[in-house]
Every structure is written in C-alpha cells, then in structure tokens.
Amino acid sequence: MSVVAEQIARTIAVSTTPGIKTAVERKVRRASDRMLAERLEKDGLEAFIDHWETLGLFKPQALLKEQQRTRLRQERMSQTVEGLSASLRAQGTGSMPSLWSCLPKEIDWIVGEEDEKFRAIALRAASPEKIHVILHASHAPHIDQPQKFVTMVKNLLIHH
C-alpha cells in the first residue's frame, strides 16, 4: 500500500466516474468536448448555460426555490467562455485516465436518485452497500438536497 493510501481514512465519491474505460471511447469524448467548447465559443456563455440547464442530469433543480435557482444561474453565468472552453478541452472526462483497474472497493458513492448515468456508473464501480442514493436529487445532490447530503456525509464519516 502506498504512503498516500495509508494516510487516507475515507473516500466518498459524489456523482463522479473513475473515467472512461477504453482509449477509443476517451478519444470520442475528447472530440465531443472539443465540439462543445467550439459551440460555447461561437454561441456565447448565456446560450451555453441555457443548454446546460436543460440537461436531464439537472432536471430536479427545476424544483428548487426560485432564489436558489437564481443564485445557481448567477454562479454559472459568472464563468468565462475562455475558462469553460479550456476546461472542456483539458479536463473533460475524455482527458482523464481510466482508474477502473485500480479502483479501491472501500469507496462510498453518493449519487442523486434522478442521476441515471452516474447511478449506473456507481453500480458498476461498487457493491450495492457502498452506494448511497439521495432521493429527489440530480447530478448535484449537494445543491438539490443539501441537508440530506450533509447528513449522509456525516453518517458515513462517523460510522467509519
């Protein structure tokens, strides 16, 4: 076991992935992210955010209070075209290495009930008892259900 692994007491993965398994799939994703970055640069930030907010990953956020939705929109709009497009090109999932082959079994996974894609990833990555689902939450359970999220994290840390 490495020194770093010995120093880590608990890992909680939230709405994430250990990467895309194959080099071919990663290449396809990089191309997709590059096209999305080009679309962002061509159409501008507001059009990009408008599109982003309609993605199924974030559907439950439509149920947030108006004040919360406004704050979330303002936060998204505070980004820059340059920063987001650079992030898509350099830090998208297609640019990440695949960690599937070295994924520790001890990781707890928190996912939103309505986040089908990342719930499926968690089911492939971990045993059912290591997957913790937050009801009425999307890809951002910490935003959709902040109290449930904090309670779940506290319980996972306490019962370790």
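Each remark here, short or long, concerns the structure printed above.
Residues numbered from 1 in each chain as written. Predicted model: local features only at pLDDT ≥ 70, side-chain atom pairs only at ≥ 80, totals over all residues. Heavy atoms only, no water.

Q: Give a description of the pairing of strand E3 (residues 131-134) that names residues and reports values.
A: Moving residue by residue along a regular strand, the side chains alternate between the two faces of the sheet. For strand E2 (residues 108-112) and E3, the ladder comprises four bridges, and the chain directions are parallel. Within E3, the position partnered with Val111 by the bridge is Val133. (Pairing = 2+ DSSP bridges. Helix = DSSP H or I, 4+ residues; strand = E, 2+ residues; numbered from the N terminus.)

Q: Break down the pattern of salt bridges for me, citing the residues and quoting the values.
A: Applying the stated rule across the entire model yields 10 salt bridges. Here Arg89 ties to Glu41 by a salt bridge, and the two come within 2.7 Å at their closest N and O atoms. Within this pair, whereas Arg89 is found in helix H5 (residues 81-91), its partner Glu41 is found in helix H2 (residues 23-43), the two being separated by 48 residues in sequence. Residue class for Arg89 comes out partly exposed when judged on its relative accessible area of 36%. A salt bridge links Asp50 to Arg73, with the shortest nitrogen-to-oxygen separation between them at 2.8 Å. Taken together, the positions of Asp50 in helix H3 (residues 45-53) and Arg73 in helix H4 (residues 66-77) put the pair 23 residues apart, joining distant regions of the chain. Salt bridges linked by common partners bring Glu46, Asp50, Glu53, Arg73 and Arg76 together as one network. (Salt bridge = Lys/Arg side-chain N within 4 Å of Asp/Glu carboxyl O. Buried < 20%, exposed > 50% of the residue type's maximum accessible area, 1.4 Å probe, protein only.)

Q: An account of the nonpolar core is requested, with residue identities and associated values reported.
A: Counting residues in hydrophobic clusters, the biggest one holds 12 residues: Ala13, Trp100, Leu103, Ile107, Trp109, Val111, Phe118, Ile121, Ala122, Ala125, Ala126 and Ile131. Broken down by secondary-structure element, the contributors of at least two residues to this core are E2 and helix H6 (116-125). Ignoring sequence-local partners within four residues, the contact set of Ala13 consists of Ile107, Asp108, Trp109 and Ile110. (Core = buried A, V, L, I, M, F, W, Y, C linked by side-chain atoms within 4.5 Å. Contact = heavy atoms within 4.5 Å.)

Q: Before we move on, can you summarise the packing of H3 against H4 with the specific residues and values?
A: It is the contact of H3 with H4, at a shortest axis distance of 10 Å, that shows an interaxial angle of 135 degrees. Taken as axis vectors, H3 and H4 run oblique relative to one another. Every pair of crossing elements has a handedness; the one defined by H3 and H4 is right-handed. Counting all contacts with H3, which are made through Leu45, Glu46, Ile49, Asp50, Trp52 and Glu53, the residues of H4 involved are Arg73, Arg76 and Met77. Of the residues assigned to the contact of H3 with H4, the class counts are four nonpolar, no polar and five charged. (Axes fitted to C-alpha atoms, helices over the stretch in contact; angles between N-to-C directions. Parallel < 35°, antiparallel > 145°, perpendicular 65-115°, else oblique. Left-handed = near helix turned anticlockwise from the far one by under 90°. Nonpolar A, V, L, I, M, F, W, Y, C, P; charged D, E, K, R; others polar.)

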